[in-house]
Amino acid sequence: MKILVLNAGSSSQKSCLYELNDTLPDRPPQPLWEAKIDWTQREGAGELQVKTAAGHTLEEDFTSDSRAGAIAQMLETLWHGETQVINSLNEIDIVGHRVVHGGRKYQQSTLISPEVKQEIARLSEFAPIHNPINLEGIETIEKILGNVPQVAVFDTAFHAQLPPAAFVYPGPYEWLENGIRRYGFHGISHQYCARRAAEILNRDFADLRLISCHLGNGCSLAAVRGGRSVDTTMGFTPLDGLMMGSRSGAIDPGIIIHLLRRSDCSPEKLDNILNRNSGLKGISGVSSDMRLVAEAIKDGNDRAQLALDIYVHRLRAGIGAMLASLGGLDALIFTAGVGENSAVVRAAVCEVFGFIGLKLDGEKNLNSPVDDDVAAVDSAVRVLVVHTQEDWEIARECWDISRR
Ligand code: ADP
């Protein structure tokens, strides 16, 4: 069967096409076709990159200014030109979408119906950047592919069984009744990495206590026990928890009250400060990109050094909290851009956990191996670097649903 995956970000649109047969492969297969639209490079225009398993590539600037038009143009490269991998759209059996917010209702991946679409739209109130573009992707596919089955794979679902003590905010009880609670995000990545960790360790997923550190532009931790998330750092929105590229993570809510009392501070201004001008970018004044912050540190930039120090301090504190929720730890997992590539961050984080018997193999860690264990042989806790594969996880969910 052919499974098309759509993964929409605020300034990018990724997509890929997998071909699977009756048995699910042990390792993610290479997609037949992969495409990405990037809207960050030039103001008001996009860049399309396509590659196929057969080695054909395409790179072109983009003319369409609507996301729906861009998706349609991107999908055309599936059956037209150098990157063609199918003869007709009818060959696509099922389409999977990453949907950021599934609220309280969707605790697992769900076949999309008019009712599901309505609920995704309603939840836009909680995820105003992401849910509308996820819905747009679903509706664009309806227009192009008609009645093909579509599946919503929710970023919140892996956290759906958090215990109440972990998901209820200690505000007034009405908050909870109005849906103001911790939901947690990055669930598709945490789920993939936790399962991959069990494979690498050759252990039963259900028996492991894991902490998954997803450190990309957005950053979050998940404490995983019995194959489910039991605690996580992102909350009601993806702004809670760790310090991130341009997001603050958790701060004293009193700061918000203080700023809102100043007449020149509107909610929009605060949103802009906390989501786009804080974190590594806000402190360093250099960039939200960890590579550029690291270069500035080498050039002696003190604010860049402070940004890294806070990042690591908060990561250690977050891991400490997850550790307490788990009551022990079999493996610490690092994933996403920073987690997979920054030996410096991994080493700085691990350094303080010697007291639980965690010991890195310094040399191995420096090489940032993919899907491997970088703990010393005699470490009591394994430390894994896992390449996250959200698109594959979405394809797997579609495969599962198609067989129910
Ligand atoms: P997203 O959350 O948008 O999917 P990524 O997972 O690609 O993002 O992570 C982006 C982050 O990864 C950026 O901060 C980038 O600097 C960082 N990163 C990528 N490669 C490296 C590297 N070699 N060393 C340190 N950080 C890196």
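Predicted model only: the values in this text are computed from it and were never measured.

## Considering the overall build of the protein
For step 1, the next point in the chain: On a plain count of helices and strands, the protein comes out with 15 helices and 14 strands.
For step 2, the next point in the chain: The C-alpha atoms of the protein give 21 Å as radius of gyration, which agrees with the globular expectation for 404 residues (22 Å, within 12%).
For step 3, the next point in the chain: Principal-axis analysis of the C-alpha atoms gives the protein an extent of 60 × 60 × 50 Å.
For step 4, the next point in the chain: The proportion of buried residues among the 404 residues of the protein is 52%.

## Focus on the site of the ligand
For step 1, the next point in the chain: What surrounds the ligand is the set Gly216, Asn217, Gly218, Ser288, Asp289, Met290, Arg291, Ala336, Gly337, Val338, Asn341 and Ser342.
For step 2, the next point in the chain: Here an oxygen atom of the ligand and a backbone polar atom of Gly337 are 2.9 Å apart.
For step 3, the next point in the chain: The fraction of the free accessible surface of the ligand (570 Å²) that becomes covered by protein chains is 68%.
For step 4, the next point in the chain: No other element matches helix 12 (residues 336–341), which puts 4 residues into the shell around the ligand.
For step 5, the next point in the chain: Here the residues of the shell around the ligand sort into 3 nonpolar, 7 polar and 2 charged.

## Observations regarding the packing of aromatic side chains
For step 1, the next point in the chain: With the rule as written, the count across this model stands at 6 aromatic pairs.
For step 2, the next point in the chain: Measuring from ring centre to ring centre gives 5.1 Å for Phe126 and Phe236, while their planes differ by 65°; the resulting arrangement is edge-to-face. Here Phe126, found in the loop between helix 2 (114–122) and helix 3 (130–145), pairs with Phe236, found in the loop between strand 11 (228–232) and helix 7 (253–260); they are 110 residues apart in sequence, far enough to count as distant.
For step 3, the next point in the chain: For the pair Tyr183 and Phe236, a centre-to-centre distance of 6.4 Å together with 35° between the ring planes defines the contact as tilted. Here Tyr183 is found in the loop between helix 5 (173–177) and helix 6 (187–201), whereas its partner Phe236 is found in the loop between strand 11 and helix 7, with 53 residues between them in sequence.
For step 4, the next point in the chain: Here Tyr183 falls in the buried class, since its relative accessible area comes to 3%.
For step 5, the next point in the chain: Here the aromatic cluster, defined as three or more aromatic residues joined through ring pairs, consists of Phe126, Tyr183 and Phe236.
For step 6, the next point in the chain: A cation over an aromatic ring shows up here: Arg181 above the ring of Phe167, its NZ or CZ 3.8 Å from the ring centre.

## Notes on helix 15 (residues 390–402)
Every α-helix carries 3.6 residues per turn, so stepping three or four residues along brings you back to the same face.
For step 1, the next point in the chain: The end-to-end C-alpha separation of helix 15 is 18 Å, in line with the 18 Å expected for 13 residues at 1.5 Å each.
For step 2, the next point in the chain: Buried within helix 15 we find Glu390, Asp391, Trp392, Glu393, Ile394, Ala395, Arg396, Glu397, Cys398, Trp399 and Ile401.
For step 3, the next point in the chain: Here the buried face of helix 15 lies against strand 1 (2–8), strand 2 (12–19), strand 6 (94–99), strand 7 (110–111), strand 8 (150–154) and helix 6.

## Comments concerning the side chain of Arg346
For step 1, the next point in the chain: Within the secondary structure, Arg346 sits in helix 13 (residues 343–351).
For step 2, the next point in the chain: Here Arg346 occupies a buried position and makes no salt bridge, while the nearest side chain of opposite charge, Glu340, is found at 8.2 Å.
For step 3, the next point in the chain: Side chain to side chain, Arg346 and Ser368 meet in a polar contact 2.8 Å long.
For step 4, the next point in the chain: Non-local contacts of Arg346, meaning those with residues more than four positions away in its chain, are made with Phe334, Gly339, Glu340, Asn341, Leu360, Asn365, Ser368 and Val385.

## Let's talk about the nonpolar core
For step 1, the next point in the chain: Membership of the largest hydrophobic core comes to 46 residues, with the highest contact counts inside it found for Ile211, Leu215, Tyr311, Leu315, Ile319, Leu332 and Val345.
For step 2, the next point in the chain: For this core, the secondary structure elements donating two or more residues are strand 9 (209–215), strand 10 (219–225), helix 10 (290–298), helix 11 (302–326), strand 12 (331–335), helix 13 and strand 14 (382–385).
For step 3, the next point in the chain: For this core, the leading source of residues is helix 11, giving 10 residues.
For step 4, the next point in the chain: Not counting residues within four places of it along the chain, the set of residues in contact with Ile211 comprises Ala222, Ile319, Met322, Leu323, Leu326, Leu329, Ala331, Leu332 and Ile333.
For step 5, the next point in the chain: Counting residues in each nonpolar core, the second largest holds 32 residues, with Val5, Ala198, Val224 and Leu384 among its members.

## Description of the side chain of Glu340
For step 1, the next point in the chain: Among the secondary structure elements, Glu340 is positioned in helix 12.
For step 2, the next point in the chain: A polar atom in the side chain of Glu340 sits 3.3 Å from the side chain of Thr335.
For step 3, the next point in the chain: In this structure the side chain of Glu340 is engaged in a polar contact, spanning 3.0 Å, whose partner is the backbone nitrogen of Thr388.
For step 4, the next point in the chain: If near-sequence neighbours (up to four positions away) are discounted, Glu340 is found in contact with Phe334, Thr335, Arg346, Ser368, Val385, Val386, His387 and Thr388.

## Observations concerning the packing of helix 10 against helix 11
For step 1, the next point in the chain: Following both chains from N to C, one finds helix 10 and helix 11 inclined at 125°, their axes separated by 8 Å at the closest point. One way to sum up the angle between helix 10 and helix 11 is to call them oblique. You can see that helix 10 and helix 11 cross each other, and the crossing is left-handed. Facing helix 10, whose interface residues are Met290, Val293, Ala296 and Ile297, helix 11 presents Ala304, Gln305, Leu308 and Tyr311.
For step 2, the next point in the chain: Of the residues belonging to the contact of helix 10 with helix 11, the class tally is 7 nonpolar, 1 polar and no charged.

## Quick look at the packing of helix 6 against helix 15
For step 1, the next point in the chain: Put simply, helix 6 and helix 15 touch, their axes get as near as 9 Å, and they point 90° apart. With respect to their mutual orientation, helix 6 and helix 15 come out roughly perpendicular. For the pair formed by helix 6 and helix 15, the contact residues are Ile188, Ser189, Gln191, Tyr192 and Arg195 on the first element and Glu390, Trp392, Glu393, Ile394, Arg396 and Glu397 on the second.
For step 2, the next point in the chain: Tallied by class, residues from the contact of helix 6 with helix 15 come to 4 nonpolar, 2 polar and 5 charged.

Conventions used here
Residues numbered from 1 in each chain as written. Predicted model: local features only at pLDDT ≥ 70, side-chain atom pairs only at ≥ 80, totals over all residues. Heavy atoms only, no water. Helix = DSSP H or I, 4+ residues; strand = E, 2+ residues; numbered from the N terminus. Rg over C-alpha atoms; globule rule 2.2 N^0.38 Å. Buried < 20%, exposed > 50% of the residue type's maximum accessible area, 1.4 Å probe, protein only. Near = heavy atom within 4 Å. Polar contact = N/O pair within 3.5 Å; in protein donor to acceptor, adjacent residues only side chain to side chain. Areas by Shrake-Rupley, 256 points an atom, 1.4 Å probe, with all protein chains shown as cover. Nonpolar A, V, L, I, M, F, W, Y, C, P; charged D, E, K, R; others polar. Phe/Tyr/Trp six-rings, centres within 6.5 Å; stacked < 30°, edge-to-face > 60°. Lys NZ or Arg CZ within 6 Å of the ring centre and 35° of its normal. Expected span 1.5 Å × (residues − 1). Contact = heavy atoms within 4.5 Å. Lys, Arg positive; Asp, Glu negative; His and termini not counted. Salt bridge = Lys/Arg side-chain N within 4 Å of Asp/Glu carboxyl O. Core = buried A, V, L, I, M, F, W, Y, C linked by side-chain atoms within 4.5 Å. Axes fitted to C-alpha atoms, helices over the stretch in contact; angles between N-to-C directions. Parallel < 35°, antiparallel > 145°, perpendicular 65-115°, else oblique. Left-handed = near helix turned anticlockwise from the far one by under 90°.

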